[in-house]
Amino acid sequence: MNYCKRTLPKRKRMALVAHDNMKADLMAWAKEKKTQLEQHELYATGTTGTLLSTCIEQPVHCLYSGPMGGDQQLGALITEGKIDVLIFFWDPLDSVPHDPDVKALLRLAAVWNIPSATNKASANFLMESASMNQTVEIEIPDYQSYMEKRVP
Ligand SMILES: O=C(CO)COP(=O)(O)O
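Conventions and cut-offs
- Residues numbered from 1 in each chain as written.
- Predicted model: local features only at pLDDT ≥ 70, side-chain atom pairs only at ≥ 80, totals over all residues.
- Heavy atoms only, no water.
- UniProt positions renumbered as here; feature names shortened; annotations may be inferred.
- Helix = DSSP H or I, 4+ residues; strand = E, 2+ residues; numbered from the N terminus.
- Rg over C-alpha atoms; globule rule 2.2 N^0.38 Å.
- Buried < 20%, exposed > 50% of the residue type's maximum accessible area, 1.4 Å probe, protein only.
- Areas by Shrake-Rupley, 256 points an atom, 1.4 Å probe, with all protein chains shown as cover.
- Lys, Arg positive; Asp, Glu negative; His and termini not counted.
- Charge placed at Lys NZ, Arg CZ, Asp CG, Glu CD.
- Pairing = 2+ DSSP bridges.
- Right-handed = clockwise from strand over helix to strand, strands pointing away.

Looking at an unreviewed UniProt entry, the protein chain carries the name Methylglyoxal synthase, with the source organism given as Litorilituus lipolyticus. Per UniProt, the protein chain has the following entry under Catalytic activity (unreviewed entry): "dihydroxyacetone phosphate = methylglyoxal + phosphate". Turning to the protein chain, the UniProt record has this under Function (unreviewed entry): "Catalyzes the formation of methylglyoxal from dihydroxyacetone phosphate."

Next up, the structure:
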């Protein structure tokens, strides 16, 4: 795979997602980080986003609820380079009907190399990183050369 650079803006487009048993944890975390979250543009799956916008009194782009396709919508936005950071409080102790969608979202976050946190400690590390508040370059797959190899 060849790689190229993508610039993440100073104001990040952050996706926030929490499974049902983790929603209280994400809300508490978001309240703690409210001032920092105000610096960024927030996206979320339907239920998480609706709760979040009330909890931190900040606009959130709400996609569909996770089981109804919201994880897949986020995956598509990541693929299109429209999400810069993913914070996903997923529940490691419960199964969900849309597990394939969850896996697909995490997979696309890895494919497109966006900074991702899948628990509170790593979310804290991300928020404390200087890169959160400045433009930063990441390496992403060079899609054009990928296609040129497939269709010479
Ligand atoms: O299920 C989810 C992520 O997989 C989250 O969806 P909701 O935010 O709609 O609960």
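All right, on to the overall build of the protein chain then. In terms of helices and strands, the protein chain carries 7 helices and 7 strands. In sequence order, the protein chain lays out its α and β elements as β-β-α-α-β-α-β-α-β-α-β-α-β-α. For 152 residues, the compact-globule estimate of 2.2 N^0.38 gives 15 Å, and the protein chain sits close to it at 16 Å. Relative to its 152 residues, the protein chain shows a buried fraction of 41%. With the model as given, the accessible surface of the protein chain reaches about 8400 Å², and the carbon-plus-sulfur share is 54%. For the protein chain, the separation between the mean place of its 16 positive charges and that of its 18 negative charges on side chains is 4 Å.

Moving on: the pairing of strand 3 (residues 41-44). Two elements, strand 2 (residues 13-18) and strand 3, share 4 bridges in a ladder whose sense is parallel. Following the sheet pairing, Ala15 is matched in strand 3 by Tyr43. Of the strand pairs in this sheet, strand 3 and strand 4 (residues 60-62) are connected by 3 bridges, and their pairing is parallel. Bridging across to strand 4, Leu42 finds its partner in Val60. For the handedness criterion, the β-α-β arrangement of strand 3, helix 3 (residues 46-56) and strand 4 is classed as right-handed.

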